[in-house]
Amino acid sequence: MRAIQITEFGGPEVLGLAELPDPVPGPGEILVEVSRAGVNYADTHQAENSYLAKVTLPLVPGAEVVGRTPEGRRVVALPTSGGYAEKALAPAAMAWDVPETVDDLTALGMVVQGASAWVLLRRSVHLEPGESVVVHAAAGGVGSLAVQLAKAWGAGRVIATASSKEKRDLALELGADAVVDPAEPDLKAALIEANEGRRVDVVLEMTGGTVTDQSLLALAPFGRLAFYGMASRQAPQPVQPGTLLARSTTIAGMWLAHVFQLPGDVMRTALEELFALVAEGRLRVIPGGEYGLSEARRAHEELRARRTTGKLLIDPSR
């Protein structure tokens, strides 16, 4: 089969096209004939071995696929790796049925980004109706869905940040009440102004650096910031517990992999609710571009340069 293989760690240049043997499922695994693979920012960290879970070489990257099993079952699945390929293996427990009415883009958009937005709002910050929500990187995969979910679940005011006018316009189209350029010199003041002069209740943040620092300063008493990534690769300033006490604020971290340690099938619950919102027309995935296997390097280049919006896909048939 055709696949992308990494034989040394580095940037997008390490993604090479290769011919590899077809994978053979072992106990507890299923084989998926991949119709589309999803591209996540975490994949760029995996390529340089800077992700939370360390990997070994050689590596076929890609942690989400949609396709069919040899028996014809249509599934969206989370392999530990191997998604950038014509065929992939996934743990049977990490595969969920996809309604035929849900297209590949939507299925892949929901299984990581949609579920992340669901977990962030439902479990990490426990969003209450009427609360204000700041969504950073609001034109990205998680951000674009978090804006829509916050509105669907009754947020009082949704403030989106994005790095270009086009991305900010998209956030407004998705339902944001106000938009802010995260490069504002005084981001704290800009967020408070966008919330009509009030400090904000909730922040979903995956940028790092000063964006995190300024967002924390913008929180209202009992405000919560959920940190789920560091796209800038710049660490925020350390936070002392006494500072949290003085402002009655909360910082939560979220890595989607941990939901599988919770009782019950949290992912199934999330996906069922997300697919229902899709069917009602209240939630949609923004297409971010589709690349052939041979274009995987370009997909990573554009993702790292923040030139993309929405969900990126790889089509292994080309």
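Here the structure is shown first, and the text comes after it.
The structure displayed is predicted, hence computed values, not measured ones.

Rules of the game
Residues numbered from 1 in each chain as written. Predicted model: local features only at pLDDT ≥ 70, side-chain atom pairs only at ≥ 80, totals over all residues. Heavy atoms only, no water. Salt bridge = Lys/Arg side-chain N within 4 Å of Asp/Glu carboxyl O. Helix = DSSP H or I, 4+ residues; strand = E, 2+ residues; numbered from the N terminus. Buried < 20%, exposed > 50% of the residue type's maximum accessible area, 1.4 Å probe, protein only. Contact = heavy atoms within 4.5 Å. Axes fitted to C-alpha atoms, helices over the stretch in contact; angles between N-to-C directions. Parallel < 35°, antiparallel > 145°, perpendicular 65-115°, else oblique. Nonpolar A, V, L, I, M, F, W, Y, C, P; charged D, E, K, R; others polar.

Caption draft 1: Structural view of the pattern of salt bridges. A full pass over the atoms with the stated rule returns 23 salt bridges. Here Asp177 ties to Lys151 by a salt bridge, and the two come within 3.1 Å at their closest N and O atoms. Residue Asp177 is found in the loop between helix H4 (165-173) and strand S10 (178-180), and its partner Lys151 is found in helix H3 (residues 141-152); the two are separated by 26 residues along the sequence. By relative accessible area, Asp177 is classed as partly exposed at 34%. Residue Glu196 pairs with Arg157 through a salt bridge whose shortest N-O separation is 3.7 Å. Residue Glu196 is located in the loop between helix H5 (187-194) and strand S11 (200-205), and its partner Arg157 is located in strand S9 (residues 157-161); the two are separated by 39 residues in the primary sequence. Salt bridges sharing common partners tie together Arg36, Glu290, Glu295, Arg298, Glu302, Asp315 and Arg318.

Caption draft 2: Expanded view of the environment of Leu170. As for its placement among the helices and strands, Leu170 is situated in helix H4. Considering only alpha carbons, one finds Leu170 and Asp315, 145 residues apart in sequence, at a separation of 25 Å. For Leu170, the contacting residues outside a window of four places in its chain are Ala139, Ile286 and Thr309.

Caption draft 3: Molecular detail of the packing of helix H2 (residues 104-124) against helix H8 (residues 266-279). In the contact formed by H2 and H8, the axes pass within 9 Å of each other and the chain directions differ by 110°. Considered as vectors, H2 and H8 are oriented roughly perpendicular to each other. Residues Thr106, Ala107, Met110, Val111, Gly114, Ala115, Trp118, Arg122 and Arg123 of H2 lie in contact with H8, whose contacting residues are Val266, Met267, Thr269, Ala270, Leu271, Glu273, Leu274, Phe275 and Val278. In terms of residue class, the contact of H2 with H8 is built from 12 nonpolar, three polar and three charged.

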